[in-house]
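Residue-level listing of the chains:
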Amino acid sequence: MVSIDLEWLFQVQSLPSVSAIFFTLVALIVGILGYLYRPYWGVRKVPGPPTLPLVGHLPLLAKYGPDVFSVLAKQYGPIYRFHMGRQPLIIIADAELCKEAGIKKFKDIPNRSIPSPISASPLHQKGLFFTRDSQWSSMRNTIISVYQPSYLSSLVPTMQSFIESATQNLDSQQEDITFSNLSLRLATDVIGQAAFGVNFGFSNPHSVCDSIKSGNNNVGDDAAGAAGNAVTDFINQHIYSTTQLKMDLSGSFSIILGLLVPILQEPFRQILKRIPGTMDWKIDRTNQKLSGRLNEIVEKRRKDRNRGSKDFLSLILNATESKTVSEKVFSPDYISAVTYEHLLAGSATTSFTLSSIIYLVAGHPEVEKRLLEEIDRFGPKDQIPTSQDLNDKFPYLDQVIKESMRYFFASPLVARETSNEVEIGGYLLPKGTWVWLALGVLAKDPQNFQEPEKFKPGRFDPNCEEMKRRHPYAFIPFGIGPRACIGQKFTLQEVKLSLIHLYRKYVFRHSPNMENPLELEYGIVLNFKHGVKVRIIKRT
Ligand code: HEM
C-alpha cells in the first residue's frame with residue numbers, strides 16, 4: 001500500500017500543479033483581454049455606443065453603411081468613439097474641432113493612421129498618403145514645388161484632347177450608357193498621361209463605346225487593341241489592387257484579422273500569400289506585378305535623357321537628379337509608389353465626382369437650364385477655356401460642383417493619428433490614438449446647410465445668407481491643413497473642362513433601368529454600386 005501511495009505522489013508531483021495551470025490560464029486570459037482592451041483604455045472617457053468584443057462597432061457599420069457616422073454624431077455629439085474591430089477611432093464630427101485637429105494642433109496629429117487593408121499593401125504605404133513625419137514633409141515639399149499653377153495650365157490641352165476623344169459620338173448610342181464607367185476611363189487616361197506620361201488609350205472612342213455599351217467594368221478589356229496587353233494588365237491589376245482595399249469584413253482573411261486582432265495580421269499574411277488560390281495570395285501577386293511594372297516604367301524614364309518635364313514622374317526624377325531633393329527621400333520604390341498613388345487618387349475620386357454631377361443635374365431641370373446658359377454664354381463652342389477662364393468665368397458651375405461634392409461626399413473620413421498626448425474637445429488623447437475627421441458628417445449638418453438632403457447649388461453663392469453664416473470649415477471635401485489633398489486644383493480643372501465640353505454638346509436623362517435612390521459602396525473612396533446610367537440627348 002505504502003509503495004503505491006508513494007508512486008501516486010511521485011506522479012502527481014511531476015505533473016504541473018492545478019494552481020500552476022490555473023495561474024497560467026488566468027495570465028493568458030488577462031493577457032488577451034489586456035491586448036484587446038488596451039487601445040480602448042486610454043480613450044474610454046470619450047463617449048460611444050456599447051462595443052462587442054473583437055468586432056467592436058462593425059455590426060453598426062453593416063447596419064447603417066456610411067451613414068453610421070451621422071447617426072452616431074446625433075446620439076453622442078461632436079466627438080465620440082467608434083471601434084473598427086479592436087481599434088477605437090475618435091471621430092470628430094464638428095467643423096471647429098476639425099480645425100483644431102487639422103490645423104491648430106497639426107504638429108501633434110501629423111500622420112495618418114494605417115488601417116489594416118493598407119498594412120497588407122507595401123505599395124500603398126509608400127505613397128504620400130501614408131508616409132510619416134520627415135519622410136512625408138520632404139516628399140510633399142518636392143511634389144508641391146513641381147505642381148506649380150503653370151504646370152497645371154500647361155495640362156489644359158492634354159486634358160481637353162482626352163475629353164474630346166472620350167466623348168465623341170456619344171449620342172449615337174440608342175441605349176443607356178453607364179456614365180460612371182466612361183468617366184473612370186477618362187479620368188484614368190488623363191491622370192495616366194499627367195502622372196506617368198503614358199497614354200492608356202481608353203479614350204479611344206471605339207474601345208470606350210463598345211465596353212460602355214456592354215456595361216463592362218473591366219477597364220482594360222476593350223482597350224487591348226488600342227493600348228496593348230501590357231497596359232491592359234497594368235490597369236486590371238490596378239483595379240484589383242484598389243478594390244481589395246475594403247474597410248469592412250469582406251476583405252482578405254489577413255485584412256479581417258488585422259481589424260480584429262492586428263498582431264496576427266502579418267504572420268497570417270506571410271503564410272496565406274504562399275497558398276495559391278487564397279485572396280491574400282492573389283493580392284500579393286497583383287501587388288508584386290504592379291510594383292514590378294511601376295519600377296520598369298520608372299527605370300525606363302530614368303534612363304531617358306530626353307524625358308523633358310511634361311509629366312509628374314519626369315518632374316520628380318528631374319528633382320532627384322538635380323539634387324534639389326535627396327535620393328534617400330525619393331528612392332526608386334518611393335517614386336513608383338507616389339506616381340502610382342496619383343493614378344489611384346486621381347481616377348476613382350474624379351470619376352465619382354463627374355458621375356455625381358451628371359446624375360444630380362439630370363434630376364434638376366432648373367439647375368441644368370442655368371448651367372447651360374452660363375456655359376453657352378462663355379463663347380463659341382470650339383473656344384477652349386484657359387485655366388484662368390475656368391477660375392473666373394463659371395461661377396454657377398463652381399456652385400454646382402461644390403453642391404454635388406457635398407451631396408455625394410467622395411472621401412467622407414480623413415484618418416489621422418496622434419504623435420503626442422493631445423487634448424481635443426475636452427478629452428486627453430494618448431499618443432497613438434486614431435483620430436478620424438468625419439468630413440461627410442459636417443457636410444450634412446443642418447446648422448450649416450439648411451435642408452441638407454436637398455440639392456441646392458445656390459447655397460454656395462457667395463452672396464447668399466447661408467453661405468455667409470456658414471462655418472469656414474463646414475465644407476472641406478479635400479481635407480484640411482498641411483495634409484490636405486494635393487490634387488485639388490488638378491481635379492477641379494479636369495472636372496470643369498469635362499463638364500463644359502459635355503454640356504456644350506449633350507444633356508443627360510436618368511435611365512429607367514437605374515435604381516432609385518442610387519446605392520453607394522464604401523471602399524477606399526465612395527462609389528456607385530451599380531453605376532450611374534443615363535440616356536444622352538444631343539443639343540442642337
Ligand atoms: C474629387 C477628387 C478628389 C477628392 C474628393 C480628394 C480628397 C482627398 C482627401 C479628403 C484627402 C485627405 C486630406 C486630409 O487628410 O486632410 C486627400 C489627400 C490626397 N489626395 Fe486627394 N482627392 C481628390 C483628387 C485627387 C487627385 C486628382 C490627386 C492626384 C493628382 C490626389 C492626390 C492626393 C494625395 C497625394 C493625398 C495625400 C496628401 C498628403 O497626405 O500629404 N487627390 N484627397
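Remember, predicted model here, so these are calculated numbers, not experimental data.

## Details of the overall build of the protein chain
- Within the protein chain one finds 24 helices and 11 strands.
- Each of the 540 residues in the protein chain was classed as buried or not, and the buried ones make up 52%.
- The contacts in the protein chain between residues at least 6 apart in sequence include a share of 70% that link residues at least 24 apart.
- When the accessible surface of the protein chain is split by element, carbon and sulfur atoms take 58% of a total near 24,900 Å².

## Here we look at the packing of aromatic side chains
- Taken as a whole and assessed by the stated rule, the structure comprises 17 aromatic pairs.
- Every member of this aromatic cluster is reached through a ring pair, and the members are Phe352, Tyr359, Tyr407, Phe408, Phe455 and Phe528.
- For the cation-ring pair, Lys126 lies above Tyr334, with the distance from its terminal atom to the ring centre recorded as 5.3 Å.
- The ring of Phe449 carries the charged tip of Arg406 above its face, separated from the ring centre by 5.2 Å.

## Structural notes on the UniProt feature "binding site: heme" (unreviewed entry) in the protein chain
- Taking the numbering used here, the UniProt-annotated feature "binding site: heme" (unreviewed entry) corresponds to Cys485.
- Ignoring any residue separated from it by four or fewer positions in sequence, one finds Cys485 in contact with Arg140 and Phe478.

## Focus: the sheet that holds strand S3 (residues 177–178)
- Across the sheet, which stays open at both edges, the 3 strands sit in the order S3-S11-S8 with antiparallel pairing between neighbours. Every other strand in the sheet has two partners, leaving S3 and strand S8 (506–510) as the edge strands with one partner each.
- Pairing geometry for S3 and strand S11 (residues 533–538), over 2 bridges, is antiparallel. Bridged to Ile177 within S11 is Val534.
- This element, helix H24 (residues 488–505), spans S8 and S11 of the sheet and lies at about 90° to S8.

## A few points about a nonpolar patch on the surface
- A cluster of nonpolar side chains, contributed by Ile21, Leu25, Leu28 and Ile32, occupies part of the molecular surface with about 380 Å² of accessible area.
- Mapped onto the elements, Ile21 comes out in helix H2 (residues 18–41).

## Looking at the pattern of salt bridges
- Counting across every chain of the model gives 24 salt bridges.
- Taking the shortest distance from any N to any O, the salt bridge between Glu321 and Arg305 comes out at 3.8 Å. One end of the pair, Glu321, is in helix H17 (residues 312–321); the other, Arg305, is in the loop between helix H16 (279–303) and H17, with 16 residues separating them in the sequence.
- Glu321 sits in the partly exposed class, given a relative accessible area of 33%.
- On the basis of relative accessible area, Arg305 is assigned to the exposed category, the value being 62%.
- For Glu466, the salt bridge goes to Arg470, with nearest N and O atoms at 2.7 Å. For the pair Glu466 and Arg470, one class covers both residues: buried.

## Focus: the UniProt feature "transmembrane region" (unreviewed entry) in the protein chain
- In the numbering adopted here, UniProt assigns the feature "transmembrane region" (unreviewed entry) to residues 20–37.
- Structurally, residues 20–37 is divided into 100% helix and 0% strand, and its ends, taken at the C-alpha atoms, are 25 Å apart.

## Notes on H17
- Within H17, 8 of the 10 residues are buried, which leaves the element mostly enclosed by the surrounding structure.
- Where H17 is concerned, the buried positions are Phe312, Leu313, Ser314, Leu315, Ile316, Leu317, Ala319 and Thr320.
- The opening residue of H17, the one whose side-chain oxygen lies 3.2 Å from the backbone nitrogen of Leu313, is Asp311.

## Let's talk about unusual backbone geometry
- Following Asn516, the chain continues to Pro517 via a peptide bond in cis, the omega torsion being 0°.
- Position of Pro517 relative to the elements: it lies in the loop between S8 and strand S9 (520–522).
- Not every positive phi belongs to a glycine, and Asp133 is a case in point at roughly 50°.
- When you line up the elements, Asp133 lands in helix H8 (residues 133–146).
- The exposure class of Asp133 is partly exposed, given its relative accessible area of 41%.
- The backbone of Glu451 sits at a positive phi, close to 45°, despite the residue not being glycine.
- The topology assignment puts Glu451 in the loop between helix H22 (439–442) and helix H23 (465–469).
- The class for Glu451 is partly exposed, based on a relative accessible area of 43%.

## Section: the sheet that holds strand S4 (residues 414–417)
- Within the open sheet, the 4 strands sit side by side as S1-S2-S7-S4. Their pairing is mixed. Every interior strand has two partners, whereas the edge strands, strand S1 (79–84) and S4, have only one. This sheet shows a mean twist of 35° between the axes of neighbouring strands, independent of strand direction.

## What to know about the nonpolar core
- Counting 110 residues, the largest nonpolar core has Phe179, Phe330, Leu437, Phe490, Leu499, Tyr503 and Phe508 as its most contacted members.
- Counting residues per element, this core draws most heavily on helix H18 (residues 332–362), at 14 residues.
- Excluding residues that lie within four positions of it along the chain, Phe179 makes contacts with Leu354, Ser355, Ile358, Leu502, Phe508, Val532 and Val534.
- Core analysis: the next-biggest nonpolar cluster, separate from the first, contains 24 residues, Leu36, Val68, Leu72 and Leu260 among them.

## Here's the deal with the site of the ligand
- Lining the immediate surroundings of the ligand are 28 residues, of which Arg112, Trp136, Arg140, Arg416 and Cys485 lie closest.
- Within the side chain of Arg416, a nitrogen or oxygen atom sits 2.7 Å from an oxygen atom of the ligand.
- Between the ligand and the protein, one listed contact pairs an oxygen atom with a side-chain N or O atom of Arg483 at 3.0 Å.
- Elements represented by at least two residues in the shell around the ligand include exactly H8, H18, S4 and H24.
- Looking at the shell around the ligand, the element that brings in the most residues is H18, giving 6 residues.

Basis of the calculations
- Residues numbered from 1 in each chain as written.
- Predicted model: local features only at pLDDT ≥ 70, side-chain atom pairs only at ≥ 80, totals over all residues.
- Heavy atoms only, no water.
- Helix = DSSP H or I, 4+ residues; strand = E, 2+ residues; numbered from the N terminus.
- Buried < 20%, exposed > 50% of the residue type's maximum accessible area, 1.4 Å probe, protein only.
- Contact = heavy atoms within 4.5 Å.
- Areas by Shrake-Rupley, 256 points an atom, 1.4 Å probe, with all protein chains shown as cover.
- Phe/Tyr/Trp six-rings, centres within 6.5 Å; stacked < 30°, edge-to-face > 60°.
- Lys NZ or Arg CZ within 6 Å of the ring centre and 35° of its normal.
- UniProt positions renumbered as here; feature names shortened; annotations may be inferred.
- Pairing = 2+ DSSP bridges.
- Axes fitted to C-alpha atoms, helices over the stretch in contact; angles between N-to-C directions.
- Patch = residues over 30% accessible without salt bridge, like charges linked within 9 Å, V, L, I, M, F, W, Y side chains within 5 Å.
- Salt bridge = Lys/Arg side-chain N within 4 Å of Asp/Glu carboxyl O.
- Polar contact = N/O pair within 3.5 Å; in protein donor to acceptor, adjacent residues only side chain to side chain.
- Core = buried A, V, L, I, M, F, W, Y, C linked by side-chain atoms within 4.5 Å.
- Near = heavy atom within 4 Å.

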